[in-house]
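This is what each chain is made of:
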Amino acid sequence: MAAPPTTLGKSLFYISLWMFCSVSMIIFNKAILSTFEFPFPMALTAWHMLFATVCTQILARTTSLLPSVAKGTVTRGDYFGRVVPVAMTFAVSLILSNTAYVTLSVSFIQMLKASTPVVVLLLSFVCGLEKPSTVYVQIIALVCLGVALASVGEVLFEINGFIAQVLAVLAEATRLVLVNLILKQLKLDSLSGVYYTAPACMAAILVPFFCFEYPRLSMDVFTPTFCIILLINGCVAFSLNLAVLLLIKNSSALLLTLAGIVKDILLVCLSFFIFASPVAELQVVGFSISLFGLFAYKNYKSSPEKFNEVGLIGGLASSVFGTGAAGASANGHSPLPVASENSGSK
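Residues numbered from 1 in each chain as written. Predicted model: local features only at pLDDT ≥ 70, side-chain atom pairs only at ≥ 80, totals over all residues. Heavy atoms only, no water.

## Side note on a nonpolar patch on the surface
Using the following cut-off: Each patch is built from salt-bridge-free residues with over 30% relative accessible area, joining like charges within 9 Å and nonpolar side chains (Val, Leu, Ile, Met, Phe, Trp, Tyr) within 5 Å. A 1.4 Å probe and the Shrake-Rupley method give the accessible areas. Residues count as covered only by the protein chains that appear here. A pairing counts as a salt bridge when a side-chain nitrogen of Lys or Arg comes within 4 Å of a carboxyl oxygen of Asp or Glu. Runs of H or I in DSSP of at least four residues are treated as helices and runs of E of at least two as strands, each being numbered from the N terminus. Between buried and exposed lies partly exposed: a residue is buried under 20% and exposed over 50% of the maximum accessible area for its type, with that area taken using a 1.4 Å probe on protein chains only.
A contiguous nonpolar patch, built from Phe157, Ile159, Ile163, Leu167 and Leu170 and spanning about 430 Å² of accessible area, is present on the exposed surface. By the secondary structure assignment, Phe157 is in the loop between α7 (134-152) and α8 (159-183). The partly exposed category is assigned to Phe157, whose relative accessible area is 39%.

## Quick word on the packing of aromatic side chains
Let me state the cut-off plainly: Any Phe, Tyr or Trp ring, taking Trp's six-membered ring, that has another such ring centre within 6.5 Å forms a pair; planes under 30 degrees apart are called stacked, those over 60 apart edge-to-face, and the others tilted. Working rule: Lys NZ or Arg CZ, within 6 Å of ring centre, within 35 degrees of ring normal, means a charge sits over the ring.
By the definition in use, this model includes 18 aromatic pairs. Three or more aromatic residues joined by ring pairs form one cluster here, namely Phe38, Phe40, Phe222 and Phe226. Its guanidinium or amino end placed over the ring of Phe90, Arg175 lies 4.8 Å from that ring's centre, counting from NZ or CZ.

## Looking at the packing of helix α5 (residues 106-113) against α8
Stated formally: Axis definition: a line fit to C-alpha positions, over the contact stretch in the case of helices; interaxial angles, taken between N-to-C directions, run 0 to 180 degrees. If you view the pair so one helix is near and one far, a crossing is left-handed when the near helix is turned anticlockwise from the far one by less than a right angle, and right-handed when it is turned clockwise. In this analysis, two residues are considered to be in contact whenever any of their non-hydrogen atoms come within 4.5 Å of each other. Residues are grouped as follows: nonpolar covers Ala, Val, Leu, Ile, Met, Phe, Trp, Tyr, Cys and Pro; charged covers Asp, Glu, Lys and Arg; every other residue, Gly included, is treated as polar.
Interaxial distance between α5 and α8 falls to 10 Å at its minimum, and their mutual angle equals 35°. When you trace α5 past α8, the crossing you get is right-handed. Here α5 contributes Phe108, Ile109, Leu112 and Lys113 to the contact with α8, which in turn contributes Phe162, Gln165 and Val169. Of the residues that constitute the contact of α5 with α8, the class distribution is five nonpolar, one polar and one charged.

## Some words on the nonpolar core
Threshold: Put simply, buried Ala, Val, Leu, Ile, Met, Phe, Trp, Tyr and Cys residues joined by side-chain atoms within 4.5 Å make one nonpolar core.
Trp18, Ile32 and Ile139 are the most contacted members of the largest nonpolar core, which has 89 residues in total. Listed in part, the five residues of the second largest apolar core include Val120, Val169, Ala173 and Val177.

## Some points on the side chain of Ser68
Under the convention used in this document: Here a polar contact is taken to be a pair of N or O atoms separated by no more than 3.5 Å, where protein atoms must pair a possible hydrogen donor with a possible acceptor and residues adjacent in sequence count only if both atoms sit in side chains.
Mapped onto the elements of the fold, Ser68 is located in helix α3 (residues 67-71). Residue classification places Ser68 among the buried positions, given a relative accessible area of 5%. There is a polar contact of 2.9 Å between the side chain of Ser68 and the side chain of Asp189. When residues no more than four places from it in sequence are discounted, the contact partners of Ser68 are Thr73, Lys187, Leu188, Asp189, Ser192 and Tyr196.

The following block contains the structure:
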């Protein structure tokens, strides 16, 4: 498929591709775990990791898409000291998140996920990676208010699923902080990151799987039709990793921020139409507040000095409308750094 000719068109093309893969993955997982009555989130997550392991092993031997692997960037000491701890937290995050999809609606889960940057920020304060500021406090307050309103307004609230998703957010935030602390200096490309983390994730998942899910799992469920569904699901999961890789290389941070917000809104709407998940008015208000806080957070990260100088509203106006240093550089290109994206199968 030919890429669009313009830079903006090319960015929008890859953003659309990423959004399609990401939304499809979440809806697909929800359907398998609930609609197809396969309530085994550990088994599904282990399958994703196995599929990713096989695919990256093949790509590493047949293509040049994994430069970090080809260079031997990760030593044995790096693997066990840096990659494995990150993979462990990633496994916990994926298991808990997929567990939540068994009982909670997709829309409510997306609302709860909006709190992830706040948890990352709080852990970063504890680890000394970030320094508190007035703007940070305002952003945290906005997101927390939004998530609280969304939780109070949830019609189909289920405590076990809620706890699972809250713990999943905590695990994912811990993973992101660990990446910043111990893995970032390895400078792995997206697919190489999957190459190294997927086997460790799978190993971490298999232990609780054999303890808690395997005794309840009947082989009768693996009909030819369901096996084909799982194969397609694995392809979608790995396609998401490829879409992330293309997105990082071909988009700006501002476009990524807007795309992430549009994707969250789209997921809430699709959940309403596909799974008939009820969405209360109070949840719409809370989710909107959380998304605004998330948008503010990502823009603040791109130019903290400007925000600290002119405040939250002034900084947002500068970032969005280009009314100051955070808007556009002298050569007319956005100075915002390219944002990274999770390379998992969620």
